[in-house]
Amino acid sequence: MEKLKLITKFAEKFISDKDIEGMSGRAVDALKILHSGSGAGKDFLGWLTLPTDYDKEEFERIKKAADYIKNNCDILIVIGIGGSYLGARAVIEALKSQNYNALAKDTPQIYFIGNSISPSMITQLLSICEGKDICVNVISKSGTTTEPAIAFRIFRELVYKKYSREEAAKRIFCTTDKSKGTLKALADEMGYESFVVPDNVGGRYSVLTAVGLLPIAAAGNDIDALMRGARMAQNELNGEDIKENDCLKYAAVRNCLYEAGKKLECFICYEPNMTMFNEWLKQLFAESEGKDGKGLYPVSCVFSTDLHSVGQFIQESGSNLMFETCVKFDKPADDFVIAAQDGNIDGLNFLSGMKMSLINEKARQGTLLAHTEGGVANIILEADAIDEETIGYLIYFFEKSCAVSGYILGVNPFNQPGVESYKKNMFALLGKPGYENEKEKLEKELGI
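This section reports on the structure supplied with the text. The model shown is predicted, which means the values in this text are computed figures rather than measured ones.

Considerations on the nonpolar core
Moving on, step 1. One finds Leu 34, Trp 47, Phe 277, Trp 280, Ile 391 and Phe 398 to be the most contacted residues of the largest nonpolar core, which totals 102 residues.
Moving on, step 2. Of all the elements, helix α16 (residues 388-409) adds the most residues to this core, at 13 residues.
Moving on, step 3. Those residues in contact with Trp 47 that sit more than four places away from it in its chain are Leu 34, Asn 200, Val 201, Tyr 205, Tyr 396, Glu 399, Lys 400, Ala 403 and Phe 414.
Moving on, step 4. Judged by nonpolar contacts, the second largest core, of 24 residues, contains Phe 155, Tyr 163, Ile 172 and Cys 174.

Given below as C-alpha cells:
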C-alpha cells in the first residue's frame, strides 16, 4: 500500500482544468530548479537528500545518547525555538500522544522550553524538575538566540547545582554548529556531547537531523523507521508527471487556489495528537512562502473540536478566503466501542456497537461535504496509520512540496529576512550594546 494518497477532486471543482494544466508546467519548472540547485537559497538544499546522505556515525551516536537519557533521567528538557523544537514536538505527540508526559512509560517526560520569554513557563518547569533527575538538550545554531539562550542559562545552572561538574557534563547535550559559534565553543570547553545542525539545512527543514532526532528517539520512537519513511518519499517524489507525483500535484493545486483568490490554507486534522504537526506545517509554509508580499497564510484546525468554534465562519464565510488541506489516517492508534445504555437517556443508542474511529470518519465525511457545498475547496492527504514510516514520509512530502511551491511563487523558500525585524527592536529597547542610537527613537514611538 502506498504511504500517502493525494485526493484533489474536492478542490478541482473550484478551479478549471486549464488552470491546473497551466500550473503543472510551472510546477515542473520549479521542480527542475530545485533538483538542479540553480534557484535562490541553493545553499540550503541538504534536506533534499538527507534521508540517504545523513551522517551514519552521528546517527548511531544519537541513538546511544537517547539510550543514556532514557536510562538516567526522569525529565528531558529540550531547549529551542522555531524549527529547533517544533518538528521534534510534532513527531513525539503524533506518534505517542499530546498526553505523553502523563502516560505510564519507560521513557522520560519531555518538556520544551526556550520557545518564549514567559517567566511563568520557566518557573513552572523549574518547579516540575524539583527532586527529579534531568538531562538537557539545547538546540541552537549560534547559541545566542535570545529565547533559548536565556532558558539554557537557567537550566544549565540547575544541572550544575544538582550534580558534580563531571556528572553535569554527561547530562547536557548540545545540537549546534559543527565547528563555530558560542554554543559549540562552550560544548568543547565543558565536554558536552554535541551534535550537528548542518550548514546546508535550515531550521524548519531540520527535523530529520539531530535537531529533531535526539528528542524523538529519547521519547522511545524508532528513528530508523522514521528515516526509512522519508527515504521512501525521497525515492518516489521525483517525477515530472503531475499525474504520478503527488507532491508536485499538491504544490500545483494549492497554487491554483492561491491565484484564484484564496489567501489562507487551513491545515485540518481529526486527531488531536496531530495538532503540533500542524504547528510545524504553519512554520514551514509561513517562513518559506510569506515574503515579497506573496504567500498563503497557513492556519490550522482540529476537527471536530473547532467545528464548534470557527466552524460557522468556515461554513458561511470561508469560501471568500480559504481552502482546507486535511491529513487523514485510515487506522487510529487506538479505538473504542460505544456501549448501549439502558433507557437511552442521551438518545445515542443508535451508535451502540460502533467504533469511535467510524464515528470520527463520518464526521470528517460530513464536514467535507458541508464545507465544499459552502464553497470551501478541500485537499485530502490519506495515509494508512500514524507510525514512524508514515510520519517520515509526510515530513519529506511537505518539505518538498513547500520548496516547489516557493519557486512557483518566485520567492526564496529557504530564507526568512522578516524574522530579524522584531529582534533588532527588542535588542534596542533592552539596551543591548551597539543598539543605543535606536533606543530613544523606539521608546518615543511607543510613548514610554
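A few points about the layout of surface pockets
Left-over empty space is what a probe sized like a water molecule reveals as it rolls over the atoms.
Moving on, step 1. The calculated volume of the largest pocket comes to roughly 1100 Å³.
Moving on, step 2. Contributing to the lining of the largest pocket are 41 residues, with Ile 81, Gly 83, Gly 203, Gln 416 and Lys 423 lying nearest its centre.
Moving on, step 3. Of all elements in the fold, only α7 (146-162), α13 (275-289) and α17 (420-430) reach the threshold of two or more residues within the lining of the largest pocket.
Moving on, step 4. A per-element tally of the lining of the largest pocket places α13 first, with six residues.
Moving on, step 5. Taken together, the residues of the lining of the largest pocket sort by class into 17 nonpolar, 15 polar and nine charged.

Some points on unusual backbone geometry
Moving on, step 1. The peptide bond linking Phe 303 to Ser 304 adopts the cis configuration, its omega dihedral lying at 10°.
Moving on, step 2. Assignment of secondary structure puts Ser 304 in the loop between β8 (297-302) and α14 (311-317).
Moving on, step 3. Here Asp 292, not a glycine, exhibits a phi torsion of approximately 55°, which is positive.
Moving on, step 4. The exposure class assigned to Asp 292 is exposed, which follows from its relative accessible area of 61%.
Moving on, step 5. Its identity is not glycine, yet Asn 344 carries a phi of approximately 50°, on the positive side.

So, the pattern of salt bridges
Opposite charge on two side chains makes pairing possible when the charged atoms of those side chains draw close.
Moving on, step 1. Inspection of the entire model under this criterion finds 26 salt bridges.
Moving on, step 2. Its salt-bridge partner being Glu 167, residue Arg 171 comes within 2.9 Å of it at the nearest N-O pair. Of this pair, Arg 171 and Glu 167 both sit in helix α8 (residues 165-171), four residues apart, which is roughly one turn of the helix.
Moving on, step 3. Between Asp 188 and Lys 184 there is a salt bridge; the shortest N-O distance is 3.2 Å. On the criterion of helical spacing, the pair formed by Asp 188 and Lys 184 is a turn pair, its members being four residues apart in helix α9 (residues 182-190).
Moving on, step 4. Taken together, the shared-partner salt bridges connect Glu 57, Glu 58, Arg 61 and Glu 193 into one network.

Looking at the pairing of strand β10 (residues 377-385)
Moving on, step 1. Counting buried positions over the nine residues of β10 gives seven, a clear majority of the element.
Moving on, step 2. In terms of strand pairing, strand β1 (residues 4-7) meets β10 through four bridges, oriented antiparallel. By the bridge assignment, Ile 7 is partnered in β10 with Ile 380.
Moving on, step 3. With eight bridges joining them, strand β9 (residues 322-331) and β10 adopt parallel strand pairing. Within β10, the position partnered with Lys 331 by the bridge is Ala 385.
Moving on, step 4. Note on the crossover from β9 through helix α15 (residues 356-373) to β10: the handedness is right-handed.

Concerning the packing of α7 against α9
Moving on, step 1. Packing of α7 against α9 leaves a shortest axis separation of 14 Å and a crossing angle of 10°. Classified by the angle between their axes, α7 and α9 sit roughly parallel to one another. Contacts from Phe 152, Arg 156 and Tyr 160 of α7 reach α9 at Leu 183, Leu 186 and Met 190.
Moving on, step 2. Of the residues belonging to the contact of α7 with α9, the class tally is five nonpolar, no polar and one charged.

Digging into the packing of helix α2 (residues 17-36) against α16
Moving on, step 1. Across the interface, α2 lies against α16 with an axial gap of 8 Å and an inter-helix angle of 110°. By the angle class used here, α2 and α16 are roughly perpendicular. Where α2 crosses over α16, the handedness of that crossing is right-handed. Contacts between α2 and α16 involve Met 23, Arg 26, Ala 27, Ala 30, Leu 31, Ile 33, Leu 34 and His 35 on the former and, on the latter, Lys 400, Ala 403, Val 404, Tyr 407 and Ile 408.
Moving on, step 2. Residue composition of the contact of α2 with α16, by class: 10 nonpolar, one polar and two charged.

A look at the packing of aromatic side chains
Moving on, step 1. Enumeration over the complete set of coordinates arrives at 18 aromatic pairs.
Moving on, step 2. When the ring of Tyr 54 is compared with that of Phe 59, the centres are 5.0 Å apart and the planes differ by 50°; the resulting orientation is tilted. A single burial state applies to Tyr 54 and to Phe 59, both of which are buried.
Moving on, step 3. Over the face of the ring belonging to Tyr 54 we find Lys 56, whose NZ or CZ atom lies 4.3 Å from the ring centre.
Moving on, step 4. Above the plane of the ring of Tyr 100 lies Lys 105, whose end atom (NZ or CZ) is 4.8 Å from the centre.

Conventions used here
Residues numbered from 1 in each chain as written. Predicted model: local features only at pLDDT ≥ 70, side-chain atom pairs only at ≥ 80, totals over all residues. Heavy atoms only, no water. Core = buried A, V, L, I, M, F, W, Y, C linked by side-chain atoms within 4.5 Å. Buried < 20%, exposed > 50% of the residue type's maximum accessible area, 1.4 Å probe, protein only. Helix = DSSP H or I, 4+ residues; strand = E, 2+ residues; numbered from the N terminus. Contact = heavy atoms within 4.5 Å. 1 Å grid on protein atoms, 1.4 Å probe; cavity = no way out; pocket = protein on both sides within 12 Å on 5 of 7 lines; lining within 4 Å. Points joined across faces, edges and corners; volume = space filled by probe spheres on them. Nonpolar A, V, L, I, M, F, W, Y, C, P; charged D, E, K, R; others polar. Salt bridge = Lys/Arg side-chain N within 4 Å of Asp/Glu carboxyl O. Pairing = 2+ DSSP bridges. Right-handed = clockwise from strand over helix to strand, strands pointing away. Axes fitted to C-alpha atoms, helices over the stretch in contact; angles between N-to-C directions. Parallel < 35°, antiparallel > 145°, perpendicular 65-115°, else oblique. Left-handed = near helix turned anticlockwise from the far one by under 90°. Phe/Tyr/Trp six-rings, centres within 6.5 Å; stacked < 30°, edge-to-face > 60°. Lys NZ or Arg CZ within 6 Å of the ring centre and 35° of its normal.

The values reported here are purely geometric and, on their own, carry no functional implication.
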